[in-house]
Each structure stands twice: as structure tokens, then as C-alpha cells.
Amino acid sequence: MTPAAGPAGPAGTPRPGEEREPDARFTFANERTFLAWSRTALALVVGGLAVAQLLPPFPGVPAARHVIGIPLILLGAAVAVLSYAEWQANQRALRRGEPLRRSRLPLFLAGTIAVIALLAVALATLSAVTGRR
Amino acid sequence: MSSPGGTDDIEDMDPGLARARTELAWTRTAISFAAVGCALLRSHPAVGVPILALSPLIWKMGRLPGKRGTGHARTGQIRLITAVVTGVALAALVITLVTGW
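Note that this is a predicted model, so its numbers are computed, not measured.

Visitor: Even after reading the chapter, I still don't get the interface of chain A and chain B, so can you show me in this structure?
Guide: Quoted interface sizes are often the accessible area lost when the parts come together. Opposite the 31 residues of chain A that make contact, chain B presents 36 residues. At the boundary of chain A with chain B, the tally comes to one salt bridge. In this structure, the salt-bridge partner of Glu31(A) is Arg74(B), at a minimum N-O distance of 2.6 Å. Sorting the residues of the side of chain A that touches chain B by element identifies helix H1 (24-54) and helix H2 (64-96) of chain A as the ones contributing at least two each. Top element by residues in the side of chain A that touches chain B is H1(A). It accounts for 17 residues. Partitioned by chemical class, the residues of the side of chain A that touches chain B number 19 nonpolar, six polar and six charged.

Visitor: How should the pattern of salt bridges be read in this particular structure?
Guide: Residue and element names in this part refer to chain A. Applying the stated criterion to the full structure yields six salt bridges over all chains. A salt bridge links Arg95 to Glu19; the nearest nitrogen and oxygen atoms lie 2.9 Å apart. One end of the pair, Arg95, is in helix H2; the other, Glu19, is in the segment before H1, with 76 residues separating them in the sequence. The exposure class of Arg95 is partly exposed, given its relative accessible area of 25%. Linking Arg25 and Asp23 is a salt bridge whose minimum nitrogen-to-oxygen distance equals 3.3 Å. According to the relative accessible area criterion, Arg25 is partly exposed, its value standing at 32%.

Conventions used here
- Note on numbering: residues in each chain are counted from 1, in written sequence order.
- As they are written, the chains are lettered A onward and the ligands numbered 1 onward, keeping that order.
- Reporting of local features is limited, given that this is a predicted model, to residues whose pLDDT is at least 70; pairs of side-chain atoms are given and counted only at 80 or more, and all residues count toward the totals for whole chains, interfaces and linings.
- Each side-chain value is worked out from all heavy atoms of the structure, with water and hydrogens disregarded.
- Between two residues, a contact is recorded if the distance between any of their heavy atoms is within 4.5 Å.
- Put simply, a salt bridge is a Lys or Arg side-chain nitrogen that is within 4 Å of an Asp or Glu carboxyl oxygen.
- Going along the chain from the N terminus, every DSSP run of H or I of four or more residues is numbered as a helix, and every run of E of two or more is numbered as a strand.
- Throughout, the ten residues Ala, Val, Leu, Ile, Met, Phe, Trp, Tyr, Cys and Pro are labelled nonpolar, Asp, Glu, Lys and Arg are labelled charged, and all others, Gly among them, are labelled polar.
- Accessibility here uses a 1.4 Å probe with only protein chains present; expressed as a share of the type maximum, an area under 20% marks a residue as buried, one over 50% as exposed, and anything in between as partly exposed.

Have a look at this one:
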């Protein structure tokens, strides 16, 4: 989404250094993106809570549920804060008519979830080996 | 509010249906909060009830003023959602650290 490519703001594209209220459609789209990330953050928190509260204990590794669940909850908090920072940066870029920077949230989210998933596999394997006794 | 053809065009009143889509996004967010509140209702009612109570407030906050909406950035609402989601995360963290070991 580039401001210059879409419909112009109330009075055209701002000159460098100048700030103008962007087209309402861009402001709304930025708001919707923020809300979508907020729901993602909420889902991560609930996922972490569910792992820690609802899963049966891992035999032989009593702390395993917390080791998986707590990072998910922290990831949710991080996504909530980062999505606000991104909303703010996008809104500023829109006001100035600058191109929007590529979001780093998808990479951050995918990377962290992958690490947590590997951690879960490691803990499940450890539990299968040590919990048999 | 009539288009050149003489009919009331919904695209005229709400270009790209941006307003409608934004209000729907707020509705989805409110439903998400309701779901989280319900999930915590039985095990931790002290946390679940307030989250459930937030749901209709968030829905109300998402309604856009006026027929066209001003289109101004709604910084206050965005900050409030950030604070609430972070608060839910902290509550979940406390619940997890205190119970289930």
C-alpha cells in the first residue's frame, strides 16, 4: 500500500517534511491491521494459558507445560506492543506521504513460534525418554 | 448524497467500504475478548468476568462517528486496545506462574 499509488489525500501528496491528514481509507486500513495483530496477540496469550492449564503434566518433566506456555504468553505481549509501534510508524509515514516500511512482525512471529515449537518437540522427546521409568 | 446516476451508491457514502470493514474488525476484536473472558470464567472468574465485561465496551468503541466517519487517526482507542491486550497477557502470566506447577 503506497500512498502515492492510491487515491490522493485531502489535498494531494504532501511536500517533503510537510504533514497532512491521510486519506481516510489508509487510516482505516492501518487501524484494521493493528486490530488483526491485537487479536493474534490475544490468541497467543490464550494458547499459552491453555498449554499451561489444560494439558496433562509431562511425565518426568514437571515444568514442561510452563516452559512452553510462558514464552507464548510473553510473545503475545510483545506482539501487542510491537503492533502499536508499527501502527504509529505507519500513521506517521501516511501523514508525510512517505512509503510504508515493510512490517517486521511476520518474521518475528514466525521465528519465535518456530523456536517454541522446537522447544515443545524437545520437551516431549525428553519426557518420552525419562518419563518411561 | 446522490451519485450522478441519481441512485444512492454505497461506494459514495463509504468508499471501499472502509468504514464498514473497520467496524467489523472492531466487532471481531470484541468477540475475541468475549471468547477469552468465557474461557477464563470457570477457572479464574476474577480475571474472566472483567475481560468479558470489556467486550461490549470494545464493540462500542469501534463504532465510527457520523455517516462518513472523520477518518482521523484514533490514537486513544488504539492505545487502549494495546493496554488491554498487554494487561490480559500480564494476567495470564500471573495465573500461569502461580498455578499448575
